Amino acid sequence: MPLSISGQSVTINSFEPGAELTINLVTVEPGDEIYAWWGHTGIVVENRKNGSSRFYDYGLFSFRQERFYSNFAQGRLLYEVGVWRTEAYLEHYRNLNRTVRIQTLAIQPEQRLALAKALEIAAQPENRIYLYDHYYDNCATRPRDIINE
């Protein structure tokens, strides 16, 4: 179940804003279902000061969408960003026997803070839905783009 992020803000360390944050890039190996053949990518924001850890997932979709199969085949489904408790989300993939790789990004504290804020903004209801494209706008390109910004 997604966590509600409205009303929450990133806690700022009294020494250097963003120093309490760790940003991890998560890569999940491909799975057996057709929609999982390409694997999955997400971003985890850990806050050591308040003990929170949230997984930002750009790969949520519904099988109930109109013309699901043709839109999926054409890479034109509506996807959305979701936020999950990290450990529960990673446990889901481990239960599917999918390898999960976690890489900590070596970025400056102010960059970590900016990235955490950008992720929160992206996950807001008015921003979270996007038109998925298999090649140019997907669960891997969105995290890449937000990290590059």
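I will try to describe carefully the structure that is included in this document. The model shown is predicted, which means the values in this text are computed figures rather than measured ones. (Residues numbered from 1 in each chain as written. Predicted model: local features only at pLDDT ≥ 70, side-chain atom pairs only at ≥ 80, totals over all residues. Heavy atoms only, no water.)

Looking at the side chain of threonine 22
Moving on, step 1. Within the secondary structure layout, threonine 22 lies in strand β1 (residues 21–28).
Moving on, step 2. A distance of 2.5 Å separates the side chain of threonine 22 from the side chain of arginine 48, its partner in a polar contact. (Helix = DSSP H or I, 4+ residues; strand = E, 2+ residues; numbered from the N terminus. Polar contact = N/O pair within 3.5 Å; in protein donor to acceptor, adjacent residues only side chain to side chain.)

Some remarks on the pattern of salt bridges
Moving on, step 1. The final tally for this structure, using the stated rule, is seven salt bridges.
Moving on, step 2. The salt bridge partner of aspartate 133 is arginine 76, with a shortest N-O separation of 3.2 Å. Here arginine 76 lies in the loop between α1 (68–74) and β4 (78–85) and aspartate 133 lies in the loop between β6 (129–131) and α4 (141–148), a separation of 57 residues in the sequence.
Moving on, step 3. Given the relative accessible area of 35%, arginine 76 is considered partly exposed.
Moving on, step 4. Each member of the salt-bridge network shares a partner with another, and the members are Glu87, Glu91 and Arg94. (Salt bridge = Lys/Arg side-chain N within 4 Å of Asp/Glu carboxyl O. Buried < 20%, exposed > 50% of the residue type's maximum accessible area, 1.4 Å probe, protein only.)

A word on the nonpolar core
Moving on, step 1. In terms of nonpolar packing, the biggest core is built from 24 residues, with Val45, Tyr58, Leu119 and Ile146 touching the most fellow members.
Moving on, step 2. Within the residue set of this core, elements represented by two or more residues are β1, β2 (40–47), β3 (52–60), α1, β4 and α3 (109–122).
Moving on, step 3. The biggest single contributor to this core is α3, with five residues.
Moving on, step 4. Apart from the residues lying within four places of it in its own chain, the contact partners of valine 45 are Leu21, Thr22, Ile23, Ser52, Ser53, Arg54, Tyr56, Ala116 and Leu119.
Moving on, step 5. Within the second largest apolar cluster, eight residues are counted, among which are Val26, Val28, Leu90 and Tyr93. (Core = buried A, V, L, I, M, F, W, Y, C linked by side-chain atoms within 4.5 Å. Contact = heavy atoms within 4.5 Å.)

In short, the description is geometric, and any link to function would need to be established separately.
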